[in-house]
Structure formats: C-alpha cells, structure tokens
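# A closer look at the structure
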Amino acid sequence: MPLALLALAVGAFGLGTTEFVMMGLLPDVADDLDISIPTAGHLVSAYALGVVIGAPLLAAVTARMSRRTVLIGLMGLFVAGNAASAFAPGEGWLLAARFVSGLPHGAFFGVGAVVATGMVAPERKARSVSLMFLGLTLANIAGVPVATLMGQHLGWRATFLGVSAIGLAAIASLALLIPHDHAHAPRVGLRGEMAALKSVPVWLALGTTVAGFGALFSAYSYITPMLTDSAGYADSRVTLLLALFGVGATAGNLLGGRLADHSLRGTLFGGLTSLVVVLALFPVLMSAQWSAALAVILLGTAAFVTGSPLQLMVMEKASAAPSLASSANQAAFNLANAGGAWIGGLALAAGLGVTSPAVTGAALAVLGLAVAGVATAVDRRRGAVSTGRERVVAAHLPEHAQAVHH
C-alpha cells in the first residue's frame, strides 16, 4: 500500500478526535461558559450540521481543483476551526467555531477516498479506503481518551489546540506524501458533479448508509446507561469499555476492507446481518459484565465491516463524479448519527427498557438489508436491460460487424 495513505489516516485521526471528544468535555465546557449541559450538547449538533452541509457543498465547489490542493485546504479549514474553538470567548462563538470545524469533515473523507482508490490496483480499492478510515477508528482508541484527559487536566481549550496541532501534522504529511500525478479530478464541473446524485442506485447506496449506521447509533448513543444500569458497571469504567468499541471498530474496518475486495456486496450483506444479530442479542448480552464487554466489541466490529463497502459502492454508482457522491456518503453517515440517536431515544422515552435502543437498532439494520436488497435488484435489472439492448443491436448488424462487435 502507498505510504501516501498514512497522510490520509493522520487527517482522519484528527477529524475523528475532534468529532467525538466534545462528548467527554461537555461538563468542563458547561462549567467554564456557565451554561447547562443540554445547552452545551448543541456543540455536538453544530459539528454534525457542519458535516452535513459542508460535505456535498465543498466537494461540489472544488470539483475542478487538484484533489491534493483540496485535501490540504480542507485540513487548513479544520485547523482554523479548532483554533477558533480554543479561543472562543463565549457560547455563540464556540458554536460557530464547531460548525466551521465540521465543514471539511465529510469532504475530506470523500475526496480522500477517491485519492486513496486512485493510488492502488482495482483489487485493493476497498482495502485502501479502510486504511484511510483506520485513522478514524484509532481516534476512538487513543485520540479521544488522550484529548479528554488533556481537557480535564489542562482545560478544554488546550484540547482544541492539541487537535489543531494534529491538523498541522496532517497538512505537512499531505504536502509531502500525496503525489501530484494522482491528484487531479476529472473536469466534469459543478453541473456534472450534481448530475451524479440523480442516479437511483446512488440514492439507494446512501439510504443503506443511513439505515445501517442509524442502527449503530441507535444503540451506541445510549451505551453508557446500558453498561451502568443493565450490566452493572461503575461510571469510572465506561471510558475503558468505549475504547473496546474502538478496538472492535478498528478490527471490523480492516476486515471489511479486505473482504470487500473479494466480494463487495457479500461483505455488505454479511456485515448488516451480523449487526442485526448483535443488536438483537443486546438485551441478553447486557445482563452480565463479561458479555456486555463482548457486546461492545462485537457492535464496533459488525458496524464498521460495512464502512468501506458502502463508501466504495457509492463511488462506483457515481463514477462520473465520485468526489461529490463519496462526500455525500459522509453526510449520510452523520444523518444516521442524528437519526439513530433520535429513534433510540423514542424507545427509551416510551419506557421500553434501557436496552430498547439496541432493539430499535436491529430493526434499522433490517431496513438497511432491505434497501441493499432493492439496490441489488435494481442493478441486476439494469444489467439485464443493458445486455438485452446489446443483443438487439448485434442482431441488426451485418455478420462481419457482429464479429467485430463481439
């Protein structure tokens, strides 16, 4: 694998750290700015909103630019947003800074996936995407815990300065390792990029992402009360258990990338089916501490097996404009984050039990399987129609032309 993938992984590590670290810093930020924790929770939403808006927008407006330049520029915006967060004088300024920090997130992963797959042989495309995503999953193991500890001991502002330093390291890595000859996007222009999103298969792939990762976040958003109230863990041990989720996510990401290079759809269906089973078993697994720890690992593994296949599938369905479609998939991921958490919250509010969000997550994973099944049927139908047209054309050609045609 090209060393340039390391530069993409460094950027992904910084993005993953700043996205998830706010959850651990909410009490410190709330105390410092004299606001309630629910109000401070809007800082998480502001980042997600930035991702959803910035992913397709920035990918579209930079469609005619060098992808290497785009990646460096996106990380520059990331550094600016985190530095502004560190020096924000109040809640309003911090909300704006978090929104700016989120803008480059989806576009970086989207454009980065296109660059990663362009540097390897066709049979290694999914693996190259999984290596870029490795930075994101490692952020949950090392980046977020270290950044949280830094915030608790040095103040939350120091955390964002530290994340800014990671962004600067990513810029240096991108400038040094991303080769110029793999950096230029096709000259399709903004109109060509937008036309790619009119494809039904693209929207079915995006729908699979929303349902599949919505299943993950329906459960993961409420994993702490499951671990404490159902499994009986002390609050102080939850951080370690969440790191286990990162271990599972890292293993699933690498496994999914390797398997998808052999069978993209097979890996996707296998991953979603595994997610259904794991989430459906959550009420049982959360009844004991050892099985609850296993459940956390299995959840990360099953969910992230589907990450690379989904990213690659969206890019293949929008081959004329892969950067925009790939970035839109990251927006879909964040919609899944918000939507899954909302649906899981509805189950809790209805009094269905502390593990009920996992059961609703299993239902969402089944929906993801259904959407993926429809996408497969559409592809087969289109393939059959295309083959039929070729036969009709061949039937009307002279004999010598048919030989050339075949």
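The following paragraphs examine the structure supplied in this document. Owing to the predicted nature of the structure, the values given are computational and were not obtained by experimental measurement.

All right, on to empty space enclosed by the protein then. To find leftover empty space, one rolls a probe the size of a water molecule over the atoms. All chains considered together, the criterion is met by three cavities of 30 Å³ or more. Taken as a whole, the largest cavity encloses approximately 160 Å³ of empty space. Along the wall of the largest cavity there are 14 residues; nearest its centre are Phe133, Phe213, Gly307, Gln330 and Phe333. Every element with two or more residues in the lining of the largest cavity is listed here: α6 (125–154), α9 (200–220), α15 (307–317) and α16 (322–349). In terms of residue count, α15 provides more of the lining of the largest cavity than any other element does, four residues in total. Looking at the lining of the largest cavity residue by residue, the classes come out as six nonpolar, eight polar and no charged. The volume enclosed by the second largest cavity comes to roughly 80 Å³. Forming the walls of the second largest cavity are Phe20, Leu136, Asn140, Leu216, Phe217, Tyr220, Phe245, Phe304 and Phe333. Sorting the residues of the lining of the second largest cavity by element identifies α6 and α9 as the ones contributing at least two each. When its residues are assigned to classes, the lining of the second largest cavity shows eight nonpolar, one polar and no charged.

All chains considered together, the criterion is met by eight aromatic pairs. Here the aromatic rings of Phe108 and Phe109 are separated by 6.2 Å at their centres, their planes lie at 85°, and the arrangement is edge-to-face. The two residues Phe108 and Phe109 agree in class, both being buried. Ring centres 5.5 Å apart and planes at 80° place the aromatic pair Phe217 and Phe333 in the edge-to-face group. Of the two residues, Phe217 is situated in helix α9 and Phe333 in helix α16; the sequence distance between them amounts to 116 residues. The two residues Phe217 and Phe333 agree in class, both being buried.

Attention shifts here to the packing of α6 against α15. Between α6 and α15, the least distance of the axes is 9 Å, while the angle of their chain directions is 120°. Regarding the angle of α6 to α15, the classification is oblique. Crossing handedness for the pair α6 and α15: right-handed. Across from Lys125, Ala126, Val129, Ser130 and Phe133 in α6, the residues of α15 making contact are Gly307, Ser308, Gln311 and Leu312. Its residues assigned to classes, the contact of α6 with α15 comprises four nonpolar, four polar and one charged.

The next thing to look at is the environment of Asp379. Assignment of secondary structure puts Asp379 in helix α17 (residues 356–395). It is 9.8 Å that separates the C-alpha atoms of Asp379 and Lys317, two residues lying 62 residues apart in sequence. Every residue in contact with Asp379, bar those within four places of it in the chain, is listed here: Pro201, Arg265 and Lys317.

A word on the pattern of salt bridges. Taken as a whole, this structure holds four salt bridges when the rule is applied. The residue Asp261 makes a salt bridge to Arg127 at a minimum N-O spacing of 3.4 Å. Residue Asp261 is located in the loop between α11 (238–260) and α12 (264–280), and its partner Arg127 is located in helix α6; the two are separated by 134 residues in the primary sequence. A relative accessible area of 17% means that Asp261 is categorised as buried. A salt bridge links Lys317 to Asp379; its shortest N-O distance comes to 2.6 Å.

Criteria and cut-off values
- In every chain, residue numbers begin from 1 and rise along the written sequence.
- Reporting of local features is limited, given that this is a predicted model, to residues whose pLDDT is at least 70; pairs of side-chain atoms are given and counted only at 80 or more, and all residues count toward the totals for whole chains, interfaces and linings.
- In computing side-chain properties, one takes all heavy atoms of the structure into account and sets aside hydrogens as well as water.
- Residues are said to line a cavity or pocket when one of their atoms sits within 4 Å of a point; the points come from a 1 Å grid over protein atoms alone, cavities being sets where a 1.4 Å probe fits but cannot get out and pockets being open sets with protein on both sides within 12 Å along at least five of seven lines.
- Grid points are joined across faces, edges and corners, and a volume is the space filled by probe spheres set on the points.
- Secondary structure elements follow DSSP: runs of H or I of four or more residues count as helices, runs of E of two or more count as strands, with numbering from the N terminus.
- In this count, Pro and Cys sit with the nonpolar residues alongside Ala, Val, Leu, Ile, Met, Phe, Trp and Tyr, while Asp, Glu, Lys and Arg are called charged and the others, Gly among them, polar.
- Two aromatic rings, drawn from Phe, Tyr or Trp (for Trp, its six-membered ring), form a pair once their centres lie within 6.5 Å of each other, and the interplanar angle then sorts them: stacked below 30 degrees, edge-to-face above 60, tilted otherwise.
- For the exposure calls, accessible area comes from a 1.4 Å probe over protein chains only, and a residue counts as buried if that area is under 20% of its type's maximum, exposed if over 50%, partly exposed in between.
- All axes are obtained by fitting lines to C-alpha atoms, using only the stretch in contact for helices, and the reported angles, taken between N-to-C directions, cover 0 to 180 degrees.
- Roughly parallel covers angles under 35 degrees, roughly antiparallel covers those over 145, roughly perpendicular covers 65 to 115, and oblique covers all other angles.
- Two helices that cross are described as forming a left-handed crossing if the nearer one is turned anticlockwise from the farther one by less than a right angle, and a right-handed crossing if clockwise.
- Contacts: residue pairs with any heavy atoms within 4.5 Å of one another.
- Whenever a carboxyl oxygen of Asp or Glu lies within 4 Å of a side-chain nitrogen of Lys or Arg, that contact is scored as a salt bridge.

None of the figures reported here should be taken as evidence of function without further support.
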